[in-house]
Amino acid sequence: MSLASVSKRETALLLPTYERYPVLLRRGKGVYLYDSLGRKYLDFLSGIGVNALGYGHPAIGKALAHQAARLIHVSNLFYHDYQAELAARLATVSGLDRAFFCNSGTEAWEGALKIARAYARFSNSNGHKAKWRILAMENSFHGRTFGSLATTGQPKYRKPFAPLMPGVEFVRFNDVAQLEKTFDGRFCAIALEVVQGEGGVLPASKEFLRAARALTRKTGALLIVDEIQSGLGRTGRYFAYQHYDVLPDVVTVAKPLAAGLPLGAILTTHAVSRCFHPGMHGSTFGGGPLACAVAIAFLETLEKEKLVDAARETGSYLRERAVRLQQKHDCIRDVRALGLMVGVELSSGDLAKSVVKEMLKRGIIINRTNENTLRFLPPFIITEKHIDRVITELDSVLAAEAMKTRPEKINASRGQGK
């Protein structure tokens, strides 16, 4: 089918929830995608952080083929070979103790919110009403379901679906004074992203994250960390919180975990896990044998090919090149990065939107987040050669965009001179 025919059918049959780029993708290999016309695209978005190993990695293909021929799904009423093994591997790299498997990041976050309230009741030994409020962050994003939206601090996502889950309050991200002033014994948890991805690739400050950890320890509340976009190697450590010497009580992961198959997880300490018992939570498809077998292959590949270290090194190189570009172009307001999670903030949303389109025309896939920030989430297998090409093209695009506005600036200055 052609791009036009696919687009026409989707318009007639699907809910209008996506603004798609005019590209019909057919296959991928390494760090490249290929469309229906055979055109090649260098992918610096990796399915919004999902395809950390790129496309067609032999370890993933082997695991998929092997397990698909044996057993794809079995209900969680039975055991299979892979959940405990995957949980053990995640415990090793996270420093936490237990896991629950689900289908997506937003489902993991919903479960984490349930854990926060369940733990507050479980640990309440004085017979009084348990605390139940959640303290979340402005500018945050945790997903599209009701609990996730309720803790998402961006009105554009929340307003169409109000009223949302009650009991959530917000503080400014990285504002330690406001955090300490607001947090008290009413709250059962502080909920945050270590790096706000949809919020413009904004890392937490060490002072802020450590203050959140200290406050929750003081009152017995939980520190819940969303690592759905930043986790599993993206930032040059297995988890972004490991850059801060902080261990949360609950962590949510998803995107790259099963190399493109739907799989999310909640990780907790043993102490927190005691608040759950059989029947309190579940997931029909979560943690199936196919997804778990592939996730194990993904984690094995990260270790074998030293890709977490590679993400740190190439991420540093990408940041350095972007900073040098900032010195050349006045329209770049800021460069923010942690490993291969990089944001280049531009002077306007319209400019960012135009740049993304122009980069796509040149065969490079990025996107924009928080309106005016270019977001780079490339596969961990990229090299400096790939980064050099992206920066060269971005330099050219920004120069071309500046030329478009230069006559307007000249005319405006002449008008002021009169």
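Residues numbered from 1 in each chain as written. Predicted model: local features only at pLDDT ≥ 70, side-chain atom pairs only at ≥ 80, totals over all residues. Heavy atoms only, no water.

Q: Explain the environment of Y32 residue by residue, including any values.
A: Relative to the elements of secondary structure, Y32 occurs in strand β2 (residues 32-35). Take Y32: its relative accessible area is 19%, and that puts it in the buried class. Along the chain, Y32 and I364 lie 332 residues apart, while their C-alpha atoms are 9.2 Å from each other. Not counting residues up to four positions away in its chain, the partners in contact with Y32 are K40, Y41, L42, Y55, H386 and R389. (Helix = DSSP H or I, 4+ residues; strand = E, 2+ residues; numbered from the N terminus. Buried < 20%, exposed > 50% of the residue type's maximum accessible area, 1.4 Å probe, protein only. Contact = heavy atoms within 4.5 Å.)

Q: Help me get a handle on the side chain of N51, residues and values and all.
A: Tracing the backbone shows N51 in the loop between α2 (46-49) and α3 (58-68). N51 has contacts with S46, A259, G260 and P379, leaving out every residue within four places of it along the chain.

Q: So what's going on with the packing of α3 against helix α11 (residues 289-304)? Residues and values would help.
A: Remark: α3 packs on α11, axes separated minimally by 9 Å, with the N-to-C direction vectors making an angle of 155°. Relative to α11, α3 is oriented roughly antiparallel. Two packed elements cross with a definite hand, and for α3 against α11 that hand is right-handed. The segment α3 lies against α11, with A59, I60, A63, L64, Q67 and A68 engaging P289, L290, A293, V294, A297, F298 and T301. When grouped by side-chain class, the residues that make up the contact of α3 with α11 number 11 nonpolar, 2 polar and no charged. (Axes fitted to C-alpha atoms, helices over the stretch in contact; angles between N-to-C directions. Parallel < 35°, antiparallel > 145°, perpendicular 65-115°, else oblique. Left-handed = near helix turned anticlockwise from the far one by under 90°. Nonpolar A, V, L, I, M, F, W, Y, C, P; charged D, E, K, R; others polar.)

Q: Any details on the sheet that holds strand β3 (residues 40-43)? Residues and values, ideally.
A: Spatially, 4 strands are ordered β1-β2-β3-β15 in an open sheet, and the strand pairing comes out mixed. The open sheet terminates on both sides in strands that have one partner only, identified here as β1 (25-29) and β15 (364-365). Of the pairings in the sheet, the one linking β1 to β2 comprises 4 bridges and is antiparallel in character. Bridged to K29 within β2 is Y32. (Pairing = 2+ DSSP bridges.)

Q: Go over helix α13 (residues 349-361) with me, naming the residues and quoting the values.
A: Spanning 13 residues, α13 covers 19 Å between terminal C-alpha atoms, matching the ideal 18 Å at 1.5 Å per step. Three or more residues of α13 are buried, namely L351, A352, S354, V355, V356, M359 and L360. Regarding α13, its N-cap is S348, as a side-chain oxygen of that residue lies 3.0 Å from the backbone nitrogen of L351 further along. Looking one or two residues beyond α13, the residue adopting positive phi is G363, at roughly 85°. (Expected span 1.5 Å × (residues − 1). Polar contact = N/O pair within 3.5 Å; in protein donor to acceptor, adjacent residues only side chain to side chain.)

Q: Which residues make up the pattern of salt bridges, and what values do they have?
A: Counted by the stated rule, this structure contains 19 salt bridges. Between R89 and E300 there is a salt bridge whose closest N-O contact spans 3.0 Å. Placement of the pair is R89 in helix α4 (residues 83-94) and E300 in helix α11, with a sequence separation of 211 residues. A relative accessible area of 23% places R89 in the partly exposed class. In this structure E300 comes out as partly exposed when scored by relative accessible area, which is 37%. A salt bridge links K404 to E401; the shortest N-O distance between them is 3.0 Å. Separated by 3 residues within a single helix, K404 and E401 lie in helix α14 (residues 384-417), roughly one turn from each other. Several salt bridges share partner residues, and in doing so they unite E85, R89 and E300 into one network. (Salt bridge = Lys/Arg side-chain N within 4 Å of Asp/Glu carboxyl O.)

Q: I'd love a proper account of the environment of M403, names of residues and values included.
A: Along the chain, the position of M403 falls in helix α14. Looking at M403, the relative accessible area reads 48%, which means it is partly exposed. The spacing of M403 and V335 is 68 residues in sequence and 22 Å in space, taken between C-alpha atoms.

Q: Pulling in residues and values, what's your account of the packing of α4 against α11?
A: Between α4 and α11, whose axes approach to 9 Å, the crossing angle comes to 30°. By the angle class used here, α4 and α11 are roughly parallel. In this structure, α4 meets α11 at a crossing whose hand is left-handed. On α11, the residues touching Q83, E85, L86, R89 and L90 of α4 are C292, A295, I296, L299 and E300. Considered class by class, the residues forming the contact of α4 with α11 number 6 nonpolar, 1 polar and 3 charged.

Q: Residues and numbers for α11, please.
A: With 16 residues, α11 extends 22 Å between its outermost C-alpha atoms, agreeing within 8% with the 22 Å of an ideal straight helix rising 1.5 Å per residue. When you tally the buried positions in α11, you get 13 out of 16 residues, the bulk of the element. Looking at the residues trailing α11, positive phi occurs at K306, about 55°.

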